[in-house]
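What the coordinates show
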Amino acid sequence: MWKDRVFLSVFVGSSLLFAGLCFGFLHVFSDLPTWSSVLIALPSGVLAFLLLLWLQIASDAPSR
């Protein structure tokens, strides 16, 4: 799964999208400097994607 080009491009694109959203909220609604907003937003974007991936995998179980 991790070696597939489509998955890697979706991972990078979605992580950047979530990081951008997080950066926007931090930049507008907090008094943090820009560099700290970036340092918080990048791992948050990756974690948001991984959380959604985990939820999709966990909910893909067969019904009882």
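Scroll up to find the structure.
Rules and cut-offs
- Residues numbered from 1 in each chain as written.
- Predicted model: local features only at pLDDT ≥ 70, side-chain atom pairs only at ≥ 80, totals over all residues.
- Heavy atoms only, no water.
- Phe/Tyr/Trp six-rings, centres within 6.5 Å; stacked < 30°, edge-to-face > 60°.
- Helix = DSSP H or I, 4+ residues; strand = E, 2+ residues; numbered from the N terminus.
- Buried < 20%, exposed > 50% of the residue type's maximum accessible area, 1.4 Å probe, protein only.
- Expected span 1.5 Å × (residues − 1).
- Contact = heavy atoms within 4.5 Å.
- Axes fitted to C-alpha atoms, helices over the stretch in contact; angles between N-to-C directions.
- Parallel < 35°, antiparallel > 145°, perpendicular 65-115°, else oblique.
- Left-handed = near helix turned anticlockwise from the far one by under 90°.
- Nonpolar A, V, L, I, M, F, W, Y, C, P; charged D, E, K, R; others polar.

Examining the packing of aromatic side chains
Tallied over the full model, the rule gives 3 aromatic pairs. An angle of 55 degrees between the planes, with centres 6.1 Å apart, marks the rings of Phe7 and Phe49 as tilted. On the criterion of sequence distance, the pair formed by Phe7 in helix 1 (residues 5–29) and Phe49 in helix 2 (residues 34–58) is long-range, its members being 42 residues apart. Per residue, the accessibility class of Phe7 equals that of Phe49, and both read buried. Ring geometry for Phe25 against Phe29: centres 5.8 Å apart, planes inclined by 25 degrees, an arrangement best described as stacked.

A closer look at helix 2
For helix 2, which comprises 25 residues, the first-to-last C-alpha distance of 36 Å matches the rise-based estimate of 36 Å (1.5 Å per residue) to within 8%. Among the residues making up helix 2, those that are buried are Ser36, Ser37, Ala41, Gly45, Phe49 and Leu53. In this fold, the buried residues of helix 2 make contact with helix 1.

Section: the packing of helix 1 against helix 2
Helix 2 packs onto helix 1 with a crossing angle of 135 degrees between their chain directions and a minimal axis gap of 7 Å. Compared by their axis directions, helix 1 and helix 2 come out oblique. The element helix 1 and its partner helix 2 pack so that their crossing is right-handed. For the contact of helix 1 with helix 2, the per-class residue count stands at 18 nonpolar, 7 polar and no charged.

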